Amino acid sequence: MVKDLENEIWKDVPNWEGKYQISNLGRLKSLSRFHNLTKKTSEDIILGGGLDKDGYLFFSLAYGYRKKKLFRSHRLVAMVFLNNNNPLNKSQYVCHKDNNKTNNNLNNLYIGTHFSNVEDRYKSGNTTFSFEQLIKIRKEYDDGATQANLCRKYNCNSSWMSRFINKKRNVVFYDSN
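Rules of the game
- Residues numbered from 1 in each chain as written.
- Predicted model: local features only at pLDDT ≥ 70, side-chain atom pairs only at ≥ 80, totals over all residues.
- Heavy atoms only, no water.
- Pairing = 2+ DSSP bridges.
- Helix = DSSP H or I, 4+ residues; strand = E, 2+ residues; numbered from the N terminus.
- Contact = heavy atoms within 4.5 Å.
- Core = buried A, V, L, I, M, F, W, Y, C linked by side-chain atoms within 4.5 Å.
- Buried < 20%, exposed > 50% of the residue type's maximum accessible area, 1.4 Å probe, protein only.
- Phe/Tyr/Trp six-rings, centres within 6.5 Å; stacked < 30°, edge-to-face > 60°.

A.B. asks: Explain the sheet that holds strand β7 (residues 50-51) residue by residue, including any values.
C.D. replies: To summarise the sheet geometry, strands pair through backbone hydrogen bonds and adopt either a parallel or an antiparallel arrangement. Taking strand neighbours across the sheet as the criterion, the three strands line up as β7-β8-β9 in an open arrangement whose pairing is antiparallel. Only two strands of the sheet have a single partner each, and these edge strands are β7 and β9 (67-72). In this structure, β7 lies alongside strand β8 (residues 57-63), joined through two bridges in antiparallel fashion. Directly across from Leu-51, in β8, lies its bridge partner Leu-57.

Spelled out as structure tokens, the structure:
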């Protein structure tokens, strides 16, 4: 039997009604149901999820036989409790007020823009590179440095560097005044 935490509210995940529920605290529950393959009925269970490469808590929701879809917890909470009905809308960001990617409590989330998300990270000091460093990285690359060497020099992820160098990563700069 699943124990609810204090002030925890559960709602069905859209398109997964009767199978999964998300709580306002960011927990996901698989509901009791009959499984044709095993011919058994499962009980409600809280799913543990995992951390993706960016540090966000995610869940794998099963549909059909051996088919799964991955969802980040904060996106599910927003979809259900903040009426963010299109989690794939790239202009809407689900932002964490405290910049803690694993704190998916409804009180810690809001719908924002890319700018507001980056601004929050900047204000909290949760940024990797200064404006000057980004200019320097771009110049070094333009002068012939390889992405691998830049990653080693600046101790950063090769995926991030590739997206930055190939201008697929949006970078917002701030004036410190």
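A.B. asks: Residue-level account of the side chain of Lys-29, with values.
C.D. replies: Note on placement: Lys-29 falls in strand β3 (residues 28-30). Lys-29 has contacts with Val-2, Trp-10, Lys-19, Tyr-20, Gln-21, Asp-44, Ile-45 and Ile-46, leaving out every residue within four places of it along the chain.

A.B. asks: Mind laying out the nonpolar core, listing which residues take part and the relevant values?
C.D. replies: The tendency in soluble globular proteins is for nonpolar side chains to be buried as a group. By size, the foremost hydrophobic cluster in this structure holds 17 residues, and its most contacted members are Val-13, Ile-22, Leu-28, Leu-61 and Leu-76. At the level of secondary structure, the elements contributing two or more residues to this core comprise β2 (20-23), β8 and α1 (73-81). When residues in this core are grouped by element, the largest group, six residues, is from α1. When residues no more than four places from it in sequence are discounted, the contact partners of Leu-28 are Trp-10, Val-13, Tyr-20, Gln-21, Ile-22, Ile-45, Ile-46, Leu-47, Phe-59, Leu-61 and Leu-76. Grouped together as the second largest cluster of nonpolar side chains are ten residues, Ile-137, Cys-156, Met-161 and Ile-165 included.

A.B. asks: Now, about the pairing of β8: what can you tell me, with residues and values included?
C.D. replies: Connecting the antiparallel pair β7 and β8 is a turn made up of five residues, with Gly-55 showing a positive phi of about 90°. Looking at chain direction, β8 and β9 are connected through six bridges and run antiparallel. From the neighbouring strand, Ala-62 faces β9, where its bridge partner is Lys-68.

A.B. asks: How would you summarise unusual backbone geometry if you had to cite specific residues and measurements?
C.D. replies: Phi angles above zero are rare outside glycine, and Asn-7 is one such case at about 60°. Note that Asn-7 resides in the segment before β1 (10-12). What makes Asn-7 exposed here is its relative accessible area of 61%. Not every positive phi belongs to a glycine, and Lys-39 is a case in point at roughly 60°. Tracing the backbone shows Lys-39 in the loop between β4 (33-35) and β5 (40-42). Take Lys-39: its relative accessible area is 59%, and that puts it in the exposed class.

A.B. asks: Go over the packing of aromatic side chains, please, and point to the residues and values.
C.D. replies: This model, assessed by the stated rule, comprises two aromatic pairs. Centre to centre, the rings of Trp-16 and Tyr-20 are 5.7 Å apart; their planes meet at 70°, and the pair counts as edge-to-face. Take Trp-16 and Tyr-20: they sit in the same class, and that class is buried. Summarising the aromatic geometry, the rings of Trp-16 and Phe-71 are spaced 6.2 Å apart at their centres and angled 90° between planes, so their arrangement reads as edge-to-face. Pair noted here: Trp-16 is in the loop between β1 and β2 and Phe-71 is in strand β9, with a separation of 55 residues, a long-range link. Take Phe-71: its relative accessible area is 13%, and that puts it in the buried class.

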